[in-house]
Amino acid sequence: MTGPWFIETLARNGDVLHRHRVDTLPIRIGRGYDNDYILDDAHAAARHARVDSDGNGGLVLRDLGTRNGMVHAGKRIKTLPLGGNTVVRLGHTTLRVRAADFPVPAELLDRTMHGWEGALPGLAGAFLIALVALFTMWLADTQPFRLFRYLQALAYGLGAGLVWAGLWALGNRLFGRHARLGRHLFIFGCGVAVLMAFRLASSALGYAYSIELFTRYGSHVAIALVAGMIYFHLTTVTPQPRRRFAISCAALAVLGSGLVLISNEQRNGRLADELYMSVLLPPDMRATPDATVDEFMDDVAGMKARLDRERADEEEPRAHAPAP
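Residues numbered from 1 in each chain as written. Predicted model: local features only at pLDDT ≥ 70, side-chain atom pairs only at ≥ 80, totals over all residues. Heavy atoms only, no water.

### A word on the pairing of strand β2 (residues 16-22)
When strand β1 (residues 5-10) meets β2, the two strands line up antiparallel, connected through 6 bridges. Its bridge partner being in β2, F6 is matched across the sheet by R21. The hairpin formed by β1 and β2 contains 5 residues between the paired strands, and G14 there has a positive phi angle of roughly 95 degrees. (Pairing = 2+ DSSP bridges. Helix = DSSP H or I, 4+ residues; strand = E, 2+ residues; numbered from the N terminus.)

This is the structure in structure tokens:
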């Protein structure tokens, strides 16, 4: 281990907050101005610690008899051999010492897609948000056309998109150095467009082929899509670690789906979002044949028999109960 040496002040998550070069040993560390590395920490002594050679090519950190001492791995110590990854706390300051020949890992593959930033993705995202807002208003509009209602829906949609993307851009600026508002707006626009496309496709397929699964459990697909949006936001803020982000978002989706199932069970006594498929579309879209009257009456008879059994089971304990 040869000099020069670099003393690095670390944040709680291990990121380097400050790096200072020292060319010779010993390295004096403390709050006083006569030190080689000055700690701006009221809990550090004027002369807190010193880095010396251990005589074998390594370094050792020694406490200089301070009140708060040195803490490593949760224990207060007097001396500590230093390697490049040894982290120690002096007062409220966490630091490590690395030599100039300390090996660094290879550079990460750049996945930030610098060519897809700025105004172009932002405009594309805003266009998708506006399209979804206007289309949703058109589907729900049952009154005579009024331009004000569509402009209001457009303003609400774009406002929600800007708030969502703005919060992610703020996080991007804090943790990734660049805001990338356009990219986050594009991710939100794609997300709401996919959500709308799924809603339309699931409703059409469910109605056409009598597949109630699409509407009864459609909320879980929506939760998965939102988790996917969050994943792409996170990887835009910081491209690594992608695997950890994917696992976290998958766990978030499973948790959200579980809460929806529990809520449905408590509210309706069933796991499904709906007690029956409530989607009504033009009859021409039906792809499966309608049930005959006889089939319908058979289903009603079977339902009546089941309800009669349930009612009898409920009344039997009452009949045997003692009179008050």
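### Describing the state of the cysteines
If you walk through the whole model with that rule in mind, you get 0 disulfides. The structure places no disulfide on C190, whose sulfur is separated from the nearest cysteine sulfur, that of C249, by 16 Å. Given the relative accessible area of 26%, C190 is considered partly exposed. (Disulfide = S-S within 2.5 Å. Buried < 20%, exposed > 50% of the residue type's maximum accessible area, 1.4 Å probe, protein only.)

### Details of the packing of helix α2 (residues 147-176) against helix α5 (residues 218-237)
Remark: α2 packs on α5, axes separated minimally by 9 Å, with the N-to-C direction vectors making an angle of 35 degrees. Seen from above, α2 lies across α5 with right-handed handedness. Between α2 and α5, the residues in contact are W164, W168, G171, N172, F175 and G176 and M229, I230, H233, L234, T236 and V237, respectively. (Axes fitted to C-alpha atoms, helices over the stretch in contact; angles between N-to-C directions. Left-handed = near helix turned anticlockwise from the far one by under 90°. Contact = heavy atoms within 4.5 Å.)

### Some words on the pattern of salt bridges
One pass over the structure, following the stated rule, counts 11 salt bridges. The closest approach of N and O atoms between R28 and D36, which form a salt bridge, is 3.3 Å. Relative accessible area serves as the criterion here: at 40%, R28 is assigned to the partly exposed category. Between D52 and R62 there is a salt bridge, and its shortest N-O distance comes to 3.1 Å. Of this pair, D52 sits in strand β5 (residues 49-53) while R62 sits in strand β6 (residues 59-63); the two residues are 10 residues apart in sequence, bridging distant segments of the chain. (Salt bridge = Lys/Arg side-chain N within 4 Å of Asp/Glu carboxyl O.)

### Side note on α2
Spanning 30 residues, α2 covers 41 Å between terminal C-alpha atoms, matching the ideal 44 Å at 1.5 Å per step. Taken together, the buried positions of α2 are occupied by R149, Y150, A153, G157, G161, A165, W168, A169, G171, N172 and G176. Structurally, α2 contributes buried residues whose contacts are with α1 (119-140), α3 (181-209) and α5. Just past α2, the residue R177 takes up positive phi, approximately 75 degrees. (Expected span 1.5 Å × (residues − 1).)

Distances and angles like these do not, on their own, reveal function.
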